[in-house]
Number of protein chains: 2
Amino acid sequence: MKEFFLVKPLNEVRAFAELFVPVGAEVVPLEQAWGRVTAQDILSQDSVPPFARSTMDGFAVAARSTFGASFSNPCQLAVVGTVPMGKAAGFGIGPGQAASIPTGGMLPKGADAVVMVEHTETIDDITIEVYKSISPQENVILAGEDIAAGQIALAAGTRIRAQEAALLAAVGVCEVPVFLRPVVGILSTGDEVDPPSAAPAPGRIRDMNTYALCGQCLGAGCTPLALGIVPDKEEPLFEAIANALSRCDILLLSGGSSVGARDLAVGAILKCSQAKILAHGVAISPGKPTIVAQAGPKPIIGLPGHVVSAMVAFEVVAKPFLHRLAGLAGDQAPPLVKARLSRNLAKKKGREEFVRVRLVAKDGEIVAQPILGKSGEIRTMIAADGLLRIPANDEGMEAGEQAFVLPLT
Amino acid sequence: MKEFFLVKPLNEVRAFAELFVPVGAEVVPLEQAWGRVTAQDILSQDSVPPFARSTMDGFAVAARSTFGASFSNPCQLAVVGTVPMGKAAGFGIGPGQAASIPTGGMLPKGADAVVMVEHTETIDDITIEVYKSISPQENVILAGEDIAAGQIALAAGTRIRAQEAALLAAVGVCEVPVFLRPVVGILSTGDEVDPPSAAPAPGRIRDMNTYALCGQCLGAGCTPLALGIVPDKEEPLFEAIANALSRCDILLLSGGSSVGARDLAVGAILKCSQAKILAHGVAISPGKPTIVAQAGPKPIIGLPGHVVSAMVAFEVVAKPFLHRLAGLAGDQAPPLVKARLSRNLAKKKGREEFVRVRLVAKDGEIVAQPILGKSGEIRTMIAADGLLRIPANDEGMEAGEQAFVLPLT
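Residues numbered from 1 in each chain as written. Chains lettered and ligands numbered in written order. Predicted model: local features only at pLDDT ≥ 70, side-chain atom pairs only at ≥ 80, totals over all residues.

**Q** Before we move on, could you go through the overall build of chain A and cite the residues and values that matter?
**A** Regarding its fold elements, chain A presents seven helices and 28 strands. Whereas a compact globule of 409 residues would reach a radius of gyration of roughly 22 Å, chain A reaches 30 Å, over 25% beyond that. In terms of principal-axis extent, the alpha carbons of chain A reach across some 90 × 50 × 40 Å. For chain A, buried positions account for 53% of its 409 residues. (Helix = DSSP H or I, 4+ residues; strand = E, 2+ residues; numbered from the N terminus. Rg over C-alpha atoms; globule rule 2.2 N^0.38 Å. Buried ≥ 20, exposed ≤ 12 C-beta atoms within 10 Å, placed from the backbone.)

**Q** Explain the interface of chain B and chain A to me, and be specific about the residues and the numbers.
**A** Between chain B and chain A, the residue contacts involve 84 residues of the former and 84 residues of the latter. Partitioning the side of chain B that touches chain A into residue classes produces 44 nonpolar, 19 polar and 21 charged. (Contact = placed C-beta atoms within 7 Å. Nonpolar A, V, L, I, M, F, W, Y, C, P; charged D, E, K, R; others polar.)

**Q** Any chance you could break down the relation of the copies chain B and chain A for me, citing the residues and the numbers?
**A** The two copies are related by a screw operation: chain B maps onto chain A through 180 degrees of rotation and 0.0 Å of translation along the axis, at an RMSD of 0.0 Å. Taken together, the rotation angle and the small translation identify this as a two-fold axis. Nearest to the rotation axis, the C-alpha of B:Val337 is located 2.6 Å from it, this being the minimum over chain B. When you check the interface residues of chain B against chain A, 100% turn up at the interface there too, and the contact is symmetric in its surfaces. (Least-squares fit on C-alpha atoms with pLDDT ≥ 70 in both.)

**Q** So what's going on with the domain arrangement of chain A? Residues and values would help.
**A** Partitioning chain A into structural domains gives domain 1 (10–24 + 180–326), domain 2 (25–48 + 145–179), domain 3 (53–141) and domain 4 (337–407). A separation of 58 Å is found between the C-alpha centroids of domain 3 of chain A and domain 4 of chain A. (Domains from an automatic or database assignment.)

**Q** Tell me about helix H4 (residues 234–245) of chain B, and name the residues and values.
**A** All names here are of chain B. Taking 1.5 Å of rise per residue, 12 residues should cover 16 Å, and H4 covers 16 Å from first to last C-alpha, within 8% of that figure. Of all the residues in H4, the buried ones are Leu 237, Ala 240, Ile 241, Ala 244 and Leu 245. Projected onto a plane normal to the axis of H4, the buried residues spread over an arc of 130 degrees and lie on a single side. Taken together, the buried residues of H4 touch strand S13 (183–189), strand S16 (223–230), strand S17 (250–254), helix H5 (259–270), strand S20 (291–295) and strand S21 (298–303). (Expected span 1.5 Å × (residues − 1). Arc of directions from axis to C-beta.)

**Q** Lay out the pairing of strand S8 (residues 120–124) of chain B with the relevant residues and their values.
**A** One face of the sheet, then the other: side chains in a regular strand alternate in exactly this way. All names here are of chain B. With four bridges joining them, S8 and strand S9 (residues 127–130) adopt antiparallel strand pairing. Across the sheet, the residue bridging to Glu 121 is Glu 129, located in S9. Counting the residues in the hairpin turn of S8 and S9 gives two residues. (Pairing = 2+ DSSP bridges.)

**Q** With reference to specific residues and values, describe the environment of A:Met311.
**A** Assignment of secondary structure puts A:Met311 in helix H6 (residues 307–326). Judged by the 34 C-beta atoms lying within 10 Å of it, A:Met311 falls in the buried class. For the pair A:Met311 and A:Pro200, spaced 111 residues apart in sequence, the C-alpha separation works out to 23 Å. With near-sequence residues (within four places) excluded, A:Met311 lies in contact with A:Ala212, A:Gln216, A:Met381, B:Ala162 and B:Gln163.

**Q** Now, about the sheet that holds S8(B): what can you tell me, with residues and values included?
**A** Residues and elements named next belong to chain B. Judged by pairing direction, the sheet is mixed, and its six strands sit side by side in the order S7-S4-S6-S5-S9-S8 without closing on themselves. Edge positions in the open sheet fall to strand S7 (113–116) and S8, since each of these has one partner strand only. The mean angle between the axes of side-by-side strands here comes to 40 degrees, regardless of whether they run parallel or antiparallel. (Axes fitted to C-alpha atoms, helices over the stretch in contact; angles between N-to-C directions.)

**Q** Please set out the environment of B:Ile229 residue by residue, giving values where relevant.
**A** Residues and elements named next belong to chain B. Tracing the sequence through the fold places Ile 229 in strand S16. Residue classification places Ile 229 among the partly exposed residues on the basis of 19 C-beta atoms within 10 Å. Considered as a pair, Ile 229 and Glu 192 are 37 residues apart in the sequence and their alpha carbons are 9.8 Å apart. Those residues in contact with Ile 229, other than ones at most four positions away along the chain, are Ser 188, Val 193, Pro 195 and Asp 207.

**Q** Any chance you could break down the sheet that holds S21(B) for me, citing the residues and the numbers?
**A** All names here are of chain B. Spatial ordering of the open sheet is given by S16-S13-S17-S21-S20-S18, a layout of six strands whose pairing is mixed. The open sheet is flanked by S16 and strand S18 (275–280), the only strands paired with a single partner. The sheet shows a mean angle of 20 degrees between the axes of neighbouring strands, taken without regard to direction. The sheet contact formed by S13 and S16 spans six bridges and is parallel. Its bridge partner lying in S16, Thr 189 is registered against Val 230.

**Q** Account for the environment of A:Gly296, with residues named and values stated.
**A** Residue and element names in this part refer to chain A. As for its position among the elements, Gly 296 is in the loop between strand S20 (291–295) and strand S21 (298–303). Residue Gly 296 is classed as exposed on the basis of its 10 C-beta neighbours within 10 Å. Apart from residues lying up to four places away in sequence, Gly 296 is in contact with Ser 273 and Gln 274.

Structure below.
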């Protein structure tokens, strides 16, 4: 049994992402900020909310006016006015007084709480009875209680989801500094690979990997740049890589599953300016023949040729590099799923294994059902909801054991 | 305690989505199909792979030529040629013969298996020794083993992820029939709401909900159409709704948390052509004052005014309607996360509760940490990774109990 390359543990390979930096920043209108990553800390210039607001329909009061009130011993308050929606009340209230207030209304001067309308009874036009003693700040959201002026609203490196966009609106940030989306060059390699448009001749197959990787890049918030198919010959491969590097921020090669083709890829990469191989082989399965390299400031990831291996290596090896170039702070991957394995799985010690699984909810639990098949079979990824991870030192897992699953969304 | 409206259980309300149909279909190039939903069953015209391929570097053989071979008793085979990559071999092999073949190479006639190069020794230019007995089909992916010609490659209603795009490439579908993305009209309502661009006057607040809902629509694969802010007055509200309905496939209103505002919204909706209220209140928390209505073929969802309530109601009430209009078959929501609750939570019986939680991996488990705060506070959603669901009939949950969590991505 020969060992063709020196594999490195996955964690060590992922750590190489730290060698790179985000590709630049720009300012976009808030309307286009969803899915982007903040390029600097964003301070709140204003308080949110800007004033003390009622969270209920009811009566604004000084809480102490209600102290001691109960269903059997209500207190009477004088209604001195109605707070208009969207305006400051033109009046204040004193002890023993109340003002009708809608949800979202601004508390008038002298009020520090709101009695829900359900806990009152209208006696006449200017009198209510209150059936409950309330505390200061009850049914009120204070000025700055959500975000105080001067606070960091969003830290640099935050992915802008729906709620982050809402927060930017709340603090009036209509022009948002965000990192550029990394442009990911995608080169398919292989003497046997054709574009999908024509029926392949004998011995030839259609290029799947370009389309898989373009989709994965979009899912990772990057801009894919499909650069076509290159034969497994060093000179054209080198020229394609050099040309690609001038047009992208990170380059993904895929193909070359044969040993000869992998050696060719390494040779072609090393001919590039400031090129260096960081890892030649990663201790994962599938995906072991993955190459991680750099050409100056740009990472180059050589993914395996089998489409499933390429996709898994993208998820676990390439993604941290994409995230790093995109400026995402720390590990902002979606939360892992924990699932119960439906059957025994054997595995070789020494490499992290990522098993395609279907996830089904069953008896209040999430069950992971392994999908059997070869790493060249795309149907196994179609059926998969996630990749169940078996740590490197385990020799397998038994049915019923719990494991972490990386969702494939 | 007055009951202002008749609430319906969440499941009942979600089932109203079945009243609606997808908004139409179009054909897009494969390069633009990622994230879209197939509008019809897509048949594979070809077999994938189109021929029997080697999955290893090695020697193509008739498996029976190796029967009985072992490390201590190797068999000798005559090497009759090399399979070129991307072409059919111009020769066949017989018993006792082998052909050198690269990973991905097409098996020559007469071969039914591949011996890995690691299990052979080269004796001379035309002779190898094989150290292992292999079975037919070993290290081979058969023609059509991934997808057989004539099979349904993707069923109608499938969201096209990276792997589905790869599969379409594999079967040569370069023009993909997909459902139109639903256009989601978004109207913010409220007399106190201003666009985020200017500093709000006393009593007024910036519009957050439009931006939250636009982001959520994008995340759900729909096209948001922000239609601005309308005051809480029946005539302008009716006009804005009627105008919006002419421009979108589904309309989201948000705002009107006061009882008066909600009644106004119901009144304005009912003035529209073919309008009907399907639910006035949903048994969820937050999000109870959600209205579900229809104007002929178009759903109208009246979301609460508090931004957190609006976002939760979007996730659990509005999304099934969006998915239905988008043509997604069945429940293609991302897999739920199961997590262990970090502290006790009390709750009222009778409504499903969705608790904002942070998810952290701890001791090999996923722990859900509830985020405390009011439903008007966007910071609570910024801190949240998901919504932990407490079923309607539970009165709360204890620390350490497991619950399902809907990820907020």
